[in-house]
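Inside the fold
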Amino acid sequence: SQKIEQNSEALNIQEGKTATLTCNYTNYSPAYLQWYRQDPGRGPVFLLLIRENEKEKRKERLKVTFDTTLKQSLFHITASQPADSATYLCALGNAGNMLTFGGGTRLMVKP
Amino acid sequence: KAGVTQTPRYLIKTRGQQVTLSCSPISGHRSVSWYQQTPGQGLQFLFEYFSETQRNKGNFPGRFSGRQFSNSRSEMNVSTLELGDSALYLCASSLTGEGNEKLFFGSGTQLSVL
């Protein structure tokens, strides 16, 4: 069955450093991969989308890579700030909006 | 532009009852998806509607159903509630729902089954 793994433990980093979050998947050939941010008591907020034929995408301080051979995506936040503290979810999809989500990684950025 | 609106925000029900949750998508969005979020299972896809038709369905029992109206608003219904149905139910909308689109999520309905 399809499986998506994200670091289940919280990631603690110092303000100003680069946070790197990992998303690994098995038994899946996604057409695209998305990253979302979720704050407590709120719905996920879209951050980035990367397609299977793309290696890297950037948006301001965010960067995502997608390696379909390794079946892995890396999500980077450079110059991290305390306001970046949240849970980050990766989601894989093919046709339609039937996304399969990972369990999320909680990021804590300390001042 | 108003975001995705879900009502009610919180709901408490007892086992055996049924519940209806409502979702108003962003204006112009025709696809509405529903997800269940629990601490143990994370976010799981329930179903997706487009132009009043269910296009995709997740692996949930028939007690979970939904519909979409001509104005793209959607409702989901859970009958014969079980304790395990306690969860945050999230609705998401997008323009076409044909994939490769970002989803806009509402804040969810927190359902507690006692």
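You'll find the structure just up there.
This section reports on the structure supplied with the text. (Residues numbered from 1 in each chain as written. Chains lettered and ligands numbered in written order. Predicted model: local features only at pLDDT ≥ 70, side-chain atom pairs only at ≥ 80, totals over all residues. Heavy atoms only, no water.)

1. Focus: the sheet that holds strand β6 (residues 56-59) of chain A
All names here are of chain A.
- The antiparallel open sheet is built from five strands, whose spatial order is β1-β3-β8-β7-β6. Among the strands making up the open sheet, the edge pair consists of β1 (3-6) and β6. On average, adjacent strands in this sheet sit at an angle of 15° to one another, irrespective of strand direction.
- Of the strand pairs in this sheet, β1 and strand β3 (residues 19-26) are connected by four bridges, and their pairing is antiparallel. The residue of β3 that forms the bridge with E5 is N24. (Pairing = 2+ DSSP bridges. Helix = DSSP H or I, 4+ residues; strand = E, 2+ residues; numbered from the N terminus. Axes fitted to C-alpha atoms, helices over the stretch in contact; angles between N-to-C directions.)

2. Quick look at unusual backbone geometry
- For the bond from T7 of chain B to P8 of chain B, the omega torsion is -10°, close enough to zero to count as cis.
- Inspection of the secondary structure assignment puts P8 of chain B in the loop between β1 (5-7) and β2 (10-13).
- The phi dihedral of E60 of chain A is positive, around 55°, even though this residue is not glycine.
- On the secondary structure map, E60 of chain A appears in the loop between β6 and β7 (62-67).
- In this structure E60 of chain A comes out as exposed when scored by relative accessible area, which is 78%.
- Positive phi values are uncommon outside glycine, yet A79 of chain A reaches one of about 45°.
- For A79 of chain A, the location among the structural elements is in the loop between β8 (72-77) and β9 (86-93). (Buried < 20%, exposed > 50% of the residue type's maximum accessible area, 1.4 Å probe, protein only.)

3. Here's the deal with the state of the cysteines
All names here are of chain A.
- One pass over the full model with this rule turns up two disulfides over all chains.
- Bridging C23 to C90, the disulfide has an S-S length of 2.0 Å. Given an S-S torsion of about 60°, the disulfide between C23 and C90 has right-handed geometry. Taken together, the residues C23 in strand β3 and C90 in strand β9 connect sequence positions 67 residues apart.
- By relative accessible area, which is 0% here, C90 ends up buried. (Disulfide = S-S within 2.5 Å.)

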